[in-house]
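Here are the chains, one letter per residue:
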There are 2 protein chains.
Amino acid sequence: MNISDAARHSGLPAKTIRYYEDIGLITPERRANGYRDFSDQTLDRLRLLAQARLMGFSLEECRKLLALNADEHRASRDVRALAEQNLASVRAKITELQALEARLEGLVAQCHGDDDPECAILDGLTGTAPGCAAR
Amino acid sequence: MNISDAARHSGLPAKTIRYYEDIGLITPERRANGYRDFSDQTLDRLRLLAQARLMGFSLEECRKLLALNADEHRASRDVRALAEQNLASVRAKITELQALEARLEGLVAQCHGDDDPECAILDGLTGTAPGCAAR
DNA sequence: GGTCAGCCTTCCAGATGCTGGAATGTATAT
DNA sequence: ATATACATTCCAGCATCTGGAAGGCTGACC
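Residues numbered from 1 in each chain as written. Chains lettered and ligands numbered in written order. Predicted model: local features only at pLDDT ≥ 70, side-chain atom pairs only at ≥ 80, totals over all residues. Heavy atoms only, no water.

- If you look chain A up in an unreviewed UniProt entry, it shows as HTH-type transcriptional regulator CueR from Pseudooceanicola albus.

What follows is the structure in C-alpha coordinates.
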(Lines give C-alpha, C1' and ligand atoms only; values in the text may rest on other atoms or scores of the structure.)
Protein backbone atom coordinates (compact mmCIF):
# COMPACT_ATOMS: atom_id res chain seq x y z
CA MET A 1 0.00 0.00 0.00
CA ASN A 2 1.34 3.40 -1.07
CA ILE A 3 1.57 6.44 1.15
CA SER A 4 -1.45 8.14 -0.36
CA ASP A 5 -3.59 5.09 0.36
CA ALA A 6 -2.22 4.97 3.88
CA ALA A 7 -3.14 8.64 4.18
CA ARG A 8 -6.66 7.93 3.01
CA HIS A 9 -7.09 4.99 5.36
CA SER A 10 -5.64 6.72 8.40
CA GLY A 11 -6.92 10.23 7.84
CA LEU A 12 -3.41 11.64 8.19
CA PRO A 13 -1.69 13.75 5.49
CA ALA A 14 1.15 11.99 3.69
CA LYS A 15 3.52 14.68 4.97
CA THR A 16 2.59 13.85 8.51
CA ILE A 17 3.09 10.15 7.91
CA ARG A 18 6.61 10.78 6.60
CA TYR A 19 7.26 12.91 9.63
CA TYR A 20 6.08 10.14 11.92
CA GLU A 21 8.53 7.83 10.23
CA ASP A 22 11.30 10.41 10.65
CA ILE A 23 10.79 10.47 14.38
CA GLY A 24 10.50 6.71 14.62
CA LEU A 25 6.82 6.26 15.38
CA ILE A 26 6.40 3.93 12.41
CA THR A 27 8.82 1.97 10.24
CA PRO A 28 7.10 1.03 6.98
CA GLU A 29 8.79 -1.36 4.59
CA ARG A 30 10.34 -0.14 1.36
CA ARG A 31 9.77 -1.54 -2.10
CA ALA A 32 12.52 -1.96 -4.65
CA ASN A 33 11.76 1.46 -6.14
CA GLY A 34 12.17 3.18 -2.78
CA TYR A 35 8.46 3.73 -2.22
CA ARG A 36 7.12 3.08 1.26
CA ASP A 37 4.93 0.01 1.56
CA PHE A 38 2.39 0.14 4.37
CA SER A 39 1.36 -3.13 5.96
CA ASP A 40 -1.89 -3.56 7.85
CA GLN A 41 0.12 -3.47 11.04
CA THR A 42 1.68 -0.14 10.20
CA LEU A 43 -1.70 1.14 9.15
CA ASP A 44 -3.04 0.16 12.57
CA ARG A 45 -0.31 2.19 14.17
CA LEU A 46 -1.20 5.17 11.99
CA ARG A 47 -4.82 4.89 12.93
CA LEU A 48 -3.94 4.76 16.62
CA LEU A 49 -1.75 7.81 16.10
CA ALA A 50 -4.50 9.69 14.31
CA GLN A 51 -7.05 8.93 17.01
CA ALA A 52 -4.69 9.59 19.91
CA ARG A 53 -3.68 12.94 18.41
CA LEU A 54 -7.35 13.85 18.10
CA MET A 55 -7.67 12.98 21.77
CA GLY A 56 -4.94 15.42 22.64
CA PHE A 57 -2.10 13.01 23.37
CA SER A 58 1.35 14.38 22.62
CA LEU A 59 3.56 12.48 20.19
CA GLU A 60 5.64 11.17 23.09
CA GLU A 61 2.51 9.94 24.79
CA CYS A 62 1.49 8.40 21.49
CA ARG A 63 4.81 6.58 21.42
CA LYS A 64 3.98 5.05 24.79
CA LEU A 65 0.47 4.21 23.68
CA LEU A 66 1.85 2.43 20.63
CA ALA A 67 4.22 0.43 22.82
CA LEU A 68 1.43 -0.50 25.22
CA ASN A 69 -0.84 -1.39 22.35
CA ALA A 70 1.80 -3.72 20.95
CA ASP A 71 2.54 -5.32 24.32
CA GLU A 72 0.19 -8.18 25.04
CA HIS A 73 1.40 -8.27 28.62
CA ARG A 74 0.49 -4.66 29.30
CA ALA A 75 -1.57 -3.63 32.28
CA SER A 76 -4.56 -1.45 31.43
CA ARG A 77 -3.57 0.49 34.53
CA ASP A 78 -0.67 1.97 32.59
CA VAL A 79 -2.83 3.04 29.68
CA ARG A 80 -5.30 4.57 32.04
CA ALA A 81 -2.56 6.49 33.82
CA LEU A 82 -1.50 8.05 30.52
CA ALA A 83 -5.06 9.02 29.68
CA GLU A 84 -5.62 10.51 33.12
CA GLN A 85 -2.45 12.53 32.83
CA ASN A 86 -3.65 13.86 29.51
CA LEU A 87 -7.07 14.58 30.96
CA ALA A 88 -5.51 16.50 33.82
CA SER A 89 -3.52 18.70 31.47
CA VAL A 90 -6.58 19.33 29.32
CA ARG A 91 -8.45 20.42 32.42
CA ALA A 92 -5.60 22.66 33.51
CA LYS A 93 -5.61 24.35 30.11
CA ILE A 94 -9.36 24.86 30.29
CA THR A 95 -9.07 26.50 33.70
CA GLU A 96 -6.31 28.75 32.47
CA LEU A 97 -8.24 29.78 29.39
CA GLN A 98 -11.34 30.46 31.41
CA ALA A 99 -9.41 32.86 33.62
CA LEU A 100 -8.14 34.53 30.46
CA GLU A 101 -11.65 34.70 29.09
CA ALA A 102 -12.91 36.44 32.24
CA ARG A 103 -10.13 38.99 32.19
CA LEU A 104 -10.66 39.71 28.50
CA GLU A 105 -14.40 40.06 29.01
CA GLY A 106 -13.71 42.56 31.76
CA LEU A 107 -11.52 44.65 29.51
CA VAL A 108 -13.81 44.52 26.51
CA ALA A 109 -16.84 45.45 28.59
CA GLN A 110 -15.20 48.70 29.66
CA CYS A 111 -14.24 49.84 26.19
CA HIS A 112 -16.69 52.08 24.37
CA GLY A 113 -15.62 50.83 20.99
CA ASP A 114 -16.35 54.07 19.17
CA ASP A 115 -14.40 56.71 17.20
CA ASP A 116 -12.79 58.10 20.32
CA PRO A 117 -9.11 57.33 21.00
CA GLU A 118 -9.77 56.85 24.72
CA CYS A 119 -9.74 53.11 25.29
CA ALA A 120 -10.14 51.15 28.48
CA ILE A 121 -8.45 48.13 26.93
CA LEU A 122 -5.23 50.02 26.21
CA ASP A 123 -5.48 51.65 29.62
CA GLY A 124 -5.78 48.21 31.17
CA LEU A 125 -2.84 46.85 29.21
CA THR A 126 -0.55 49.78 29.89
CA GLY A 127 -1.35 49.96 33.56
CA THR A 128 -2.84 53.41 33.10
CA ALA A 129 -5.71 53.88 35.55
CA PRO A 130 -9.02 54.16 33.67
CA GLY A 131 -9.72 57.76 32.73
CA CYS A 132 -6.09 58.82 32.83
CA ALA A 133 -6.16 59.67 29.16
CA ALA A 134 -8.39 62.63 30.02
CA ARG A 135 -6.37 63.90 32.98
CA MET B 1 18.60 51.99 31.22
CA ASN B 2 20.24 48.59 30.64
CA ILE B 3 18.46 45.50 29.47
CA SER B 4 18.39 43.87 32.88
CA ASP B 5 16.69 46.93 34.36
CA ALA B 6 14.24 46.93 31.49
CA ALA B 7 13.63 43.26 32.25
CA ARG B 8 12.97 44.04 35.89
CA HIS B 9 10.61 46.90 35.10
CA SER B 10 8.66 45.06 32.42
CA GLY B 11 8.63 41.59 33.91
CA LEU B 12 10.03 40.13 30.69
CA PRO B 13 13.26 38.08 30.51
CA ALA B 14 16.16 39.87 28.81
CA LYS B 15 16.20 37.12 26.18
CA THR B 16 12.62 37.85 25.31
CA ILE B 17 13.32 41.56 25.05
CA ARG B 18 16.14 40.92 22.60
CA TYR B 19 13.83 38.67 20.63
CA TYR B 20 11.19 41.40 20.51
CA GLU B 21 13.78 43.73 19.09
CA ASP B 22 14.80 41.11 16.52
CA ILE B 23 11.27 40.93 15.19
CA GLY B 24 10.86 44.68 15.25
CA LEU B 25 8.43 45.17 18.12
CA ILE B 26 10.77 47.60 19.84
CA THR B 27 13.81 49.60 18.68
CA PRO B 28 15.83 50.65 21.72
CA GLU B 29 18.68 53.12 21.28
CA ARG B 30 22.29 51.95 21.48
CA ARG B 31 25.04 53.43 23.57
CA ALA B 32 28.59 53.91 22.35
CA ASN B 33 29.58 50.54 23.81
CA GLY B 34 26.86 48.71 21.91
CA TYR B 35 24.62 48.19 24.92
CA ARG B 36 20.91 48.79 24.45
CA ASP B 37 19.54 51.87 26.18
CA PHE B 38 15.88 51.68 27.09
CA SER B 39 13.92 54.91 27.16
CA ASP B 40 10.70 55.31 29.13
CA GLN B 41 8.84 55.10 25.85
CA THR B 42 10.41 51.80 24.94
CA LEU B 43 9.75 50.58 28.45
CA ASP B 44 6.08 51.44 28.00
CA ARG B 45 6.02 49.35 24.88
CA LEU B 46 7.59 46.46 26.77
CA ARG B 47 5.01 46.73 29.51
CA LEU B 48 2.21 46.74 26.98
CA LEU B 49 3.77 43.68 25.37
CA ALA B 50 4.06 41.89 28.69
CA GLN B 51 0.45 42.58 29.62
CA ALA B 52 -0.95 41.81 26.21
CA ARG B 53 0.91 38.49 26.10
CA LEU B 54 -0.58 37.63 29.50
CA MET B 55 -3.96 38.39 28.00
CA GLY B 56 -3.38 35.88 25.24
CA PHE B 57 -2.70 38.24 22.33
CA SER B 58 -0.36 36.86 19.70
CA LEU B 59 2.76 38.83 18.87
CA GLU B 60 1.19 40.01 15.62
CA GLU B 61 -1.82 41.24 17.55
CA CYS B 62 0.58 42.90 19.98
CA ARG B 63 2.19 44.67 17.06
CA LYS B 64 -1.19 46.11 16.13
CA LEU B 65 -1.92 47.04 19.74
CA LEU B 66 1.39 48.90 19.93
CA ALA B 67 0.55 50.79 16.75
CA LEU B 68 -2.89 51.70 18.04
CA ASN B 69 -1.46 52.71 21.40
CA ALA B 70 0.98 55.04 19.70
CA ASP B 71 -1.65 56.53 17.41
CA GLU B 72 -3.44 59.40 19.08
CA HIS B 73 -6.03 59.41 16.30
CA ARG B 74 -6.97 55.79 16.86
CA ALA B 75 -10.56 54.70 17.28
CA SER B 76 -11.20 52.57 20.36
CA ARG B 77 -13.42 50.55 18.05
CA ASP B 78 -10.31 49.10 16.45
CA VAL B 79 -8.77 48.13 19.76
CA ARG B 80 -11.98 46.55 20.85
CA ALA B 81 -12.21 44.59 17.61
CA LEU B 82 -8.78 43.10 18.28
CA ALA B 83 -9.73 42.18 21.82
CA GLU B 84 -12.97 40.61 20.70
CA GLN B 85 -11.17 38.58 18.08
CA ASN B 86 -8.82 37.32 20.75
CA LEU B 87 -11.72 36.59 23.07
CA ALA B 88 -13.46 34.64 20.34
CA SER B 89 -10.44 32.46 19.75
CA VAL B 90 -10.02 31.86 23.47
CA ARG B 91 -13.65 30.78 23.65
CA ALA B 92 -13.22 28.55 20.63
CA LYS B 93 -10.26 26.86 22.27
CA ILE B 94 -12.21 26.36 25.48
CA THR B 95 -15.06 24.75 23.60
CA GLU B 96 -12.68 22.49 21.76
CA LEU B 97 -10.91 21.46 24.95
CA GLN B 98 -14.18 20.80 26.70
CA ALA B 99 -15.21 18.44 23.93
CA LEU B 100 -11.84 16.75 24.31
CA GLU B 101 -12.33 16.53 28.05
CA ALA B 102 -15.69 14.85 27.63
CA ARG B 103 -14.32 12.30 25.18
CA LEU B 104 -11.36 11.55 27.39
CA GLU B 105 -13.58 11.17 30.42
CA GLY B 106 -15.69 8.73 28.47
CA LEU B 107 -12.68 6.62 27.57
CA VAL B 108 -11.14 6.68 31.02
CA ALA B 109 -14.42 5.74 32.68
CA GLN B 110 -14.62 2.53 30.64
CA CYS B 111 -11.12 1.34 31.43
CA HIS B 112 -10.69 -0.99 34.37
CA GLY B 113 -7.21 0.23 35.09
CA ASP B 114 -5.97 -3.06 36.50
CA ASP B 115 -3.34 -5.71 35.65
CA ASP B 116 -5.33 -7.00 32.73
CA PRO B 117 -4.18 -6.15 29.19
CA GLU B 118 -7.76 -5.62 28.01
CA CYS B 119 -8.21 -1.88 27.81
CA ALA B 120 -11.19 0.15 26.68
CA ILE B 121 -8.99 3.16 26.01
CA LEU B 122 -6.85 1.32 23.48
CA ASP B 123 -9.97 -0.25 22.03
CA GLY B 124 -11.43 3.20 21.63
CA LEU B 125 -8.30 4.58 20.00
CA THR B 126 -7.85 1.68 17.59
CA GLY B 127 -11.49 1.58 16.59
CA THR B 128 -11.80 -1.93 18.02
CA ALA B 129 -15.30 -2.42 19.38
CA PRO B 130 -15.22 -2.71 23.18
CA GLY B 131 -14.71 -6.29 24.25
CA CYS B 132 -13.09 -7.34 21.01
CA ALA B 133 -9.88 -8.23 22.83
CA ALA B 134 -11.70 -11.20 24.39
CA ARG B 135 -13.25 -12.51 21.19
C1' DG C 1 9.94 5.46 -28.41
C1' DG C 2 8.14 9.92 -26.63
C1' DT C 3 5.37 12.41 -23.61
C1' DC C 4 2.30 13.63 -19.96
C1' DA C 5 -0.10 13.41 -15.54
C1' DG C 6 0.25 11.93 -11.29
C1' DC C 7 2.42 9.56 -8.13
C1' DC C 8 6.77 9.00 -5.19
C1' DT C 9 11.36 10.49 -2.97
C1' DT C 10 14.58 13.69 -0.14
C1' DC C 11 15.89 17.88 1.83
C1' DC C 12 15.37 22.62 3.35
C1' DA C 13 12.79 26.32 5.32
C1' DG C 14 9.14 28.39 7.99
C1' DA C 15 5.50 28.86 11.29
C1' DT C 16 5.00 30.36 16.99
C1' DG C 17 7.42 32.25 20.89
C1' DC C 18 10.70 31.84 23.06
C1' DT C 19 14.97 29.55 25.69
C1' DG C 20 19.59 27.76 26.35
C1' DG C 21 24.32 27.96 25.47
C1' DA C 22 28.81 29.31 23.43
C1' DA C 23 32.09 32.69 22.43
C1' DT C 24 33.33 37.18 23.26
C1' DG C 25 33.40 42.09 24.90
C1' DT C 26 32.63 45.73 28.69
C1' DA C 27 32.07 47.82 33.36
C1' DT C 28 33.19 48.07 38.04
C1' DA C 29 35.38 46.93 42.24
C1' DT C 30 39.22 45.36 44.76
C1' DA D 1 45.71 42.32 37.54
C1' DT D 2 41.79 39.96 38.35
C1' DA D 3 37.24 38.71 39.51
C1' DT D 4 32.45 39.36 38.77
C1' DA D 5 28.66 40.60 36.70
C1' DC D 6 27.06 42.60 33.26
C1' DA D 7 26.50 43.08 27.94
C1' DT D 8 26.75 41.48 22.87
C1' DT D 9 25.90 38.14 18.73
C1' DC D 10 24.84 33.89 16.70
C1' DC D 11 23.33 29.18 16.49
C1' DA D 12 20.39 25.51 17.89
C1' DG D 13 16.38 23.47 19.79
C1' DC D 14 11.60 22.82 21.69
C1' DA D 15 6.58 20.68 19.31
C1' DT D 16 4.25 19.47 15.28
C1' DC D 17 3.81 19.84 11.37
C1' DT D 18 3.43 22.26 6.47
C1' DG D 19 4.96 24.10 2.16
C1' DG D 20 7.92 23.96 -1.65
C1' DA D 21 11.77 22.72 -4.68
C1' DA D 22 14.21 19.33 -7.35
C1' DG D 23 14.16 15.11 -9.09
C1' DG D 24 12.74 9.93 -9.95
C1' DC D 25 9.03 6.29 -11.03
C1' DT D 26 4.52 4.52 -13.04
C1' DG D 27 1.05 3.91 -16.31
C1' DA D 28 -1.60 5.48 -20.13
C1' DC D 29 -1.93 7.35 -24.63
C1' DC D 30 -0.15 8.30 -29.37
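## Section: the layout of surface pockets
Now for step 1: Approximately 230 Å³ is the volume found for the second largest pocket.
Now for step 2: As for the second largest pocket, its lining consists of T126 and T128 of chain A together with Q41, D44, R45, R47, L66, N69 and A70 of chain B.
Now for step 3: If you list the elements that add at least two residues to the lining of the second largest pocket, you get α3 (40-54) and α4 (59-70) of chain B.
Now for step 4: With 4 residues, α3 of chain B is the largest single contributor of residues to the lining of the second largest pocket.
Now for step 5: Residues belonging to the lining of the second largest pocket are distributed by class as follows: 2 nonpolar, 4 polar and 3 charged. (1 Å grid on protein atoms, 1.4 Å probe; cavity = no way out; pocket = protein on both sides within 12 Å on 5 of 7 lines; lining within 4 Å. Points joined across faces, edges and corners; volume = space filled by probe spheres on them. Helix = DSSP H or I, 4+ residues; strand = E, 2+ residues; numbered from the N terminus. Nonpolar A, V, L, I, M, F, W, Y, C, P; charged D, E, K, R; others polar.)

## Some details on α4 of chain B
Because an α-helix completes one turn every 3.6 residues, residues spaced three or four positions apart along the sequence face the same direction.
Now for step 1: Compared with the 16 Å implied by 1.5 Å per residue over 12 residues, the 16 Å span of α4 of chain B between its first and last C-alpha is a close match.
Now for step 2: Every buried residue belonging to α4 of chain B is among L59, E61, C62, L65, L66 and L68 of chain B, and all of these are buried. Buried residues of α4 of chain B, viewed axially, fall in a sector of 165 degrees; they line one side.
Now for step 3: Elements that come into contact with the buried residues of α4 of chain B comprise α6 (120-126) of chain A together with α2 (14-22), α3 and α5 (76-110) of chain B. (Expected span 1.5 Å × (residues − 1). Buried < 20%, exposed > 50% of the residue type's maximum accessible area, 1.4 Å probe, protein only. Arc of directions from axis to C-beta. Contact = heavy atoms within 4.5 Å.)

## Things to note about the protein's contact with DNA strand D
Now for step 1: Not every one of the 19 residues close to DNA strand D is listed here, only the nearest: K15, Y20 and R53 of chain A together with R18 and R36 of chain B.
Now for step 2: The contact in question runs from a phosphate oxygen of DNA strand D to an N or O atom on the side chain of T16 of chain A, over 3.3 Å.
Now for step 3: Within the side chain of R53 of chain A, an N or O atom sits 2.8 Å from a phosphate oxygen of DNA strand D.
Now for step 4: At the level of elements, α2 (14-22) of chain A together with α1 (3-10) and α2 of chain B are the ones that each hand at least two residues to the surface near DNA strand D. (Near = heavy atom within 4 Å. Polar contact = N/O pair within 3.5 Å; in protein donor to acceptor, adjacent residues only side chain to side chain.)

## Some words on the UniProt feature "domain: HTH merR-type" (unreviewed entry) in chain A
Now for step 1: The UniProt entry lists residues 1-68 of chain A under the feature "domain: HTH merR-type" (unreviewed entry), expressed in the numbering used here.
Now for step 2: For the annotated span residues 1-68 of chain A, helix accounts for 62% and strand for 6% of the residues, and the straight-line distance between the end C-alpha atoms is 25 Å. (UniProt positions renumbered as here; feature names shortened; annotations may be inferred.)

## Quick notes on the relation of the copies chain A and chain B
Now for step 1: Mapping chain A onto chain B calls for a rotation angle of 180 degrees and an axial translation of 0.0 Å; the resulting RMSD is 0.3 Å. One copy is carried onto the other by what is essentially a two-fold rotation axis. Taking C-alpha positions as reference, the residue of chain A nearest the rotation axis is I94 of chain A, located at 3.0 Å.
Now for step 2: Most of the interface of chain A is mirrored in chain B, where 100% of its interface residues again form contacts. (Least-squares fit on C-alpha atoms with pLDDT ≥ 70 in both.)

## Quick look at the packing of aromatic side chains
Now for step 1: Taken as a whole, this structure holds 2 aromatic pairs over all chains when the rule is applied.
Now for step 2: For the ring pair Y19 of chain A and Y20 of chain A, a centre distance of 6.1 Å and an interplane angle of 45 degrees mean the geometry is tilted. (Phe/Tyr/Trp six-rings, centres within 6.5 Å; stacked < 30°, edge-to-face > 60°.)

## Concerning the interface of chain A and chain B
Now for step 1: Contact residues are listed per partner, giving 48 residues for chain A and 48 residues for chain B.
Now for step 2: Of the charged contacts, one joins R91 of chain A and E101 of chain B as a salt bridge, the two residues approaching to 3.0 Å between their closest N and O atoms.
Now for step 3: In this structure, the connection of chain A to chain B is made through 18 residue pairs in polar contact (both at pLDDT 80 or more).
Now for step 4: When contributions to the side of chain A that touches chain B are tallied by element, the ones reaching two or more residues are α3 (40-54), α4 (59-70), α5 (76-110) and α6 of chain A.
Now for step 5: Looking at which element gives the most residues to the side of chain A that touches chain B, the answer is α5 of chain A, with 21 residues.
Now for step 6: Split by residue class, the side of chain A that touches chain B holds 24 nonpolar, 9 polar and 15 charged. (Salt bridge = Lys/Arg side-chain N within 4 Å of Asp/Glu carboxyl O.)

## Details of α2 of chain A
Residue and element names in this part refer to chain A.
Now for step 1: Within α2, the full set of buried residues consists of I17, Y20 and E21. Down the axis of α2, the buried side of the element spans an arc of 100 degrees, and every buried residue falls inside it. Away from its buried face, by an angle of more than 90 degrees, α2 presents the exposed residues K15 and D22.
Now for step 2: Those residues of α2 hidden inside the fold are in contact with α1 (3-10), β1 (29-30), β2 (36-37), α3 and α4.

## Re the protein's contact with DNA strand C
Now for step 1: In the vicinity of DNA strand C lie 19 residues, with S4 and R36 of chain A together with K15, Y20 and R53 of chain B positioned nearest.
Now for step 2: Of what DNA strand C places within 4 Å of the protein, 69% of the atoms are sugar or phosphate.
Now for step 3: Here a sugar or linking oxygen of DNA strand C and a side-chain polar atom of Y35 of chain A are 3.5 Å apart.
Now for step 4: With respect to DNA strand C, the side chain of K15 of chain B contributes an N or O atom lying 2.2 Å from a base oxygen.
Now for step 5: Taken together, the residues that form the surface near DNA strand C break down as 7 nonpolar, 6 polar and 6 charged.

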